[in-house]
Amino acid sequence: MSKGKPVRRRFDESTTTADLRKYMAPFADRLGYKFNTDDEFVEEVLASEIEILDATGDVFCPCRVRTGDPKEDAKIVCPCIPFYRDQFAGLKKCWCGLFILKEVEDGLELLGVIEEPTGDIDVPVFRVADLPDGQIRHVKVGKHDIAVARVGDEFFALSNVCRHAFAPLAEGFMDGYYVMCPWHGWRYDVRDGSTDHPGANVKTHDITVVADEVRVRISLGR
Amino acid sequence: MSVMLYALSTCPYCRMTRKYLEENDVDFDLLEVDLLEGDERTAAIAKVKEISGGSSFPVIVIDDETIVGFNKKRIKELLGL
């Protein structure tokens with residue numbers, strides 16, 4: 001395997017806005033978003049992205065600036081939703097407004113008004129079908145590393161970080177309502193983050209299921 | 001009153017903001033950061049980060065107040081339109 005520069009090729013020179021729509025829509029869908037309902041606006045933003053693609057080789061966000069650092073710039077390749085899930089869920093749209101939460105009916109109304117969201121935000125992380133019964137999965141929501149577990153039709157969200165040696169709990173083993181840490185077998189109750197090791201409970205997050213989407217509650221700006 | 005608009009040539013909200021300022025006969029300075037090169041670009045990105053805390057556009061500075069994004073209501077208030 002070769003190390004080095006990231007492979008940038010995704011779209012060739014003949015790429016059209018229709019190609020971008022086709023490519024991006026299913027991915028955005030999995031993240032809980034759809035294209036803005038205002039078609040003219042979508043065309044305008046995607047046309048800007050095509051210009052950026054021609055100039056740079058990738059579809060960077062037209063509303064954010066490239067720094068030249070590949071690691072930083074990877075976070076502004078459209079759709080950039082995974083990197084700003086918490087903020088965007090609060091805004092109900094991505095920064096540009098190209099993508100809006102699926103339940104938003106009038107995407108035009110959201111354009112332009114950008115105020116930092118605060119308070120409790122339910123952030124879509126994946127669809128119900130993406131996590132089979134008895135499994136646990138890591139999601140990054142803003143600065144939070146969260147493990148989402150499924151037991152039957154119930155979903156639970158807890159900190160992904162074991163308090164013993166900071167192992168990733170999402171790599172652990174589910175046993176009913178318990179997850180066993182992958183490194184040393186500490187057991188956490190996924191319902192309340194409790195463990196029988198004193199003072200070692202982990203934080204939990206409220207979780208809701210809206211239509212077929214799993215949403216994790218995050219508190220912003222407090 | 002000084003009005004400075006940091007923008008990207010590719011950004012729809014930057015265009016909206018510019019249009020809004022022009023329509024209201026507001027005298028403003030414009031810096032299109034993505035059209036800069038080399039040190040000038042690096043310096044402009046650093047400046048925007050310093051005043052807005054990020055790298056999202058547009059950034060409008062009205063006297064010593066900073067607005068990130070096309071927030072018509074706040075622009076209106078600060079300009080007394």
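Residues numbered from 1 in each chain as written. Chains lettered and ligands numbered in written order. Predicted model: local features only at pLDDT ≥ 70, side-chain atom pairs only at ≥ 80, totals over all residues.

### Thoughts on the overall build of chain B
Step number 1: The helix and strand tally for chain B stands at three helices and four strands.
Step number 2: Counting helices and strands in the order they occur from the N terminus, chain B gives β-α-β-α-β-β-α.
Step number 3: Compactness check: chain B gives a C-alpha radius of gyration of 12 Å against a globular reference of 12 Å for 81 residues, within 12% of the reference.
Step number 4: Principal-axis analysis of the C-alpha atoms gives chain B an extent of 35 × 20 × 20 Å.
Step number 5: Burial status across chain B gives 31% buried among its 81 residues.
Step number 6: When contacts within chain B are restricted to residue pairs at least 6 apart in sequence, long-range pairs at least 24 apart make up 52% of them. (Helix = DSSP H or I, 4+ residues; strand = E, 2+ residues; numbered from the N terminus. Rg over C-alpha atoms; globule rule 2.2 N^0.38 Å. Buried ≥ 20, exposed ≤ 12 C-beta atoms within 10 Å, placed from the backbone. Contact = placed C-beta atoms within 7 Å.)

### Some thoughts on the packing of helix H1 (residues 17-30) of chain A against helix H2 (residues 39-56) of chain A
All names here are of chain A.
Step number 1: Interhelical geometry of H1 versus H2 gives an angle of 100° and a closest axis separation of 9 Å. Between H1 and H2, the angle is such that the two are roughly perpendicular. Across the interface between the two elements, Thr17, Leu20 and Arg21 from H1 touch Glu43, Leu46, Ala47, Glu49 and Ile50 from H2.
Step number 2: In the contact of H1 with H2, the residues fall into four nonpolar, one polar and three charged. (Axes fitted to C-alpha atoms, helices over the stretch in contact; angles between N-to-C directions. Parallel < 35°, antiparallel > 145°, perpendicular 65-115°, else oblique. Nonpolar A, V, L, I, M, F, W, Y, C, P; charged D, E, K, R; others polar.)

### Some points on the domain arrangement of chain A
Residue and element names in this part refer to chain A.
Step number 1: Each domain of chain A was delimited in the assignment, giving domain 1 (17-117) and domain 2 (124-220).
Step number 2: Distance from the C-alpha centre of domain 1 to the C-alpha centre of domain 2: 28 Å.
Step number 3: If you look at the interface, domain 1 gives eight residues, while domain 2 gives eight residues.
Step number 4: Broken down by element, the side of domain 1 that touches domain 2 gets its largest block of residues, four residues, from helix H4 (residues 85-91).
Step number 5: Tallied by class, residues from the side of domain 1 that touches domain 2 come to three nonpolar, two polar and three charged. (Domains from an automatic or database assignment.)

### Some points on the sheet that holds strand S2 (residues 29-32) of chain B
Residues and elements named next belong to chain B.
Step number 1: Spatial ordering of the open sheet is given by S2-S1-S3-S4, a layout of four strands whose pairing is mixed. On the outer flanks of this sheet lie S2 and strand S4 (65-68), each paired with one strand and no other. Between one strand and the next, the sheet's axes are offset by a mean angle of 15°, whatever the strand orientation.
Step number 2: Across four bridges, strand S3 (residues 59-62) lies against S4 in antiparallel orientation. Within S4, the position partnered with Val59 by the bridge is Val68. (Pairing = 2+ DSSP bridges.)

### Some words on the interface of chain B and chain A
Step number 1: Across the contact, 17 residues belong to chain B and 17 residues belong to chain A.
Step number 2: Here the residues of the side of chain B that touches chain A sort into ten nonpolar, five polar and two charged.

### Focus on the pairing of strand S5 (residues 144-151) of chain A
Residues and elements named next belong to chain A.
Step number 1: As judged from the six bridges shared by strand S4 (residues 136-141) and S5, these two strands associate in the antiparallel manner. Each bridged residue has a counterpart across the sheet, and for Val139 the counterpart in S5 is Ile146.
Step number 2: Hairpin connection between S4 and S5: a loop of two residues separates the two successive antiparallel strands, and Gly142 in this loop has a positive phi of roughly 60°.
Step number 3: For S5 and strand S6 (residues 154-159), the ladder comprises six bridges, and the chain directions are antiparallel. Looking across to S6, one finds that Ala149 is bridged to Phe156.
Step number 4: Here S5 folds back onto S6 in antiparallel fashion, the turn holding two residues, of which Gly152 has a positive phi close to 65°.

### Let's talk about the sheet that holds strand S10 (residues 204-205) of chain A
Step number 1: With antiparallel pairing, the four strands of this open sheet are ordered in space as S4-S5-S6-S10 (chain A). If you trace the sheet from one side to the other, it starts and ends with S4 and S10 of chain A, each paired once.

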